[in-house]
Structure formats: structure tokens, C-alpha cells
Amino acid sequence: GLPVWGPDGRTLYFSNGPRLMAATLALAPTLAVTGTRPVLEGDYALDDPLHAAFDVGPDGTILLVRPVREARTVIIRNFGAEVRNQLAKQGVR
């Protein structure tokens, strides 16, 4: 998942497998990681490559963590006919 800056501008939150981690950074004289700590761990969807699955509030609290949903398979028989039926209902030819 994508990392998120904390409100202090020195903490970067990121996912590491099932864990949400926080890294404390020193910005001067050079950028350096001064420490890391786990924030939470569990069955959460923290590895979304398109956007952060969480956010950090002004006081440092985690605002959103999406739980993992069970995967399921949906089988659509006669998919072409189903698409034609749905398009016909919408008036598309």
C-alpha cells in the first residue's frame, strides 16, 4: 500500500504485510530513519497498490482501515446474452 505522512511531518506510516508500521524520520542534516514501530496488525487490506487503505488524523490516530473481505467467485452463464439484455434494458443497440 501507499505510505501516508503523519501530522508531525516526521512520521511515515506504511504497510508491511499484515502490519501497519510507523517510521520516524530525521530530516536534517540528512534524511534518515531514526526508528520504526508497529502500529497495528491483523486481517486488514493494507496492500492496495492504487491508494492508501488508511489515513492518519491530526492527532495521530488511524482514521480508516478496511478489513479484508472474503474472496468469492461469480459465474455468469451466457455472458454475451446477459450483456445484450442489459444493454437492451438501457435502450442501447
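Preceding this section is the structure that the text describes.
Residue numbering note: each chain is counted from 1, following its sequence as written. Thresholds applied to this predicted model are a pLDDT of at least 70 for local features of residues and 80 or more for the giving and counting of side-chain atom pairs; totals over whole chains, interfaces and linings are not thresholded and use all residues. Processing note: side-chain calculations cover all non-hydrogen atoms of the structure and skip hydrogens and water entirely.

Caption draft 1: Structural detail: unusual backbone geometry. Between Ala28 and Pro29 the backbone carries a cis peptide bond, its omega angle lying at 0 degrees. Along the chain, Pro29 turns up in the loop between β3 (19-26) and β4 (32-41). In this structure, Asn78 takes a positive phi of about 55 degrees despite not being glycine. In DSSP terms, a helix is any run of H or I states spanning at least four residues, a strand is any run of E spanning at least two, and both are numbered starting from the N terminus. As for its placement among the helices and strands, Asn78 is situated in the loop between β4 and α1 (79-89). Each residue is assigned to one of three classes by its accessible area relative to the maximum for its type, calculated with a 1.4 Å probe on protein chains only: buried under 20%, partly exposed between the two thresholds, exposed over 50%. Given the relative accessible area of 62%, Asn78 is considered exposed.

Caption draft 2: Layout of the pairing of β4. Of the strand pairs in this sheet, β3 and β4 are connected by eight bridges, and their pairing is antiparallel. Paired with Leu20 across the strands is Leu40, a residue of β4. Strands pair, by our definition, only if DSSP identifies at least two bridges between them. Counting the residues in the hairpin turn of β3 and β4 gives five residues.

Caption draft 3: Layout of the sheet that holds β4. Strand order in this open sheet of four strands is β1-β2-β3-β4, and the pairing throughout is antiparallel. Looking along the sheet, the strands with just one partner apiece sit at the ends: β1 (4-5) and β4. Bridge analysis of strand β2 (residues 11-16) against β3 gives six bridges, and the strand direction is antiparallel. Within the sheet, the bridge partner assigned to Leu12 lies in β3 and is Ala23.

Caption draft 4: Fine view of the nonpolar core. The definition of a nonpolar core used throughout is a set of buried Ala, Val, Leu, Ile, Met, Phe, Trp, Tyr and Cys residues joined through side-chain atoms within 4.5 Å. Val4, Tyr13, Leu20, Ala22, Leu46, Phe54 and Val56 together form the largest nonpolar core, which totals seven residues. The contact criterion used throughout is that any non-hydrogen atoms of two residues lie within 4.5 Å. Apart from residues no more than four positions distant in its own chain, Val4 is found in contact with Thr11, Leu12, Tyr13, Ala52, Phe54, Asp55 and Val56.

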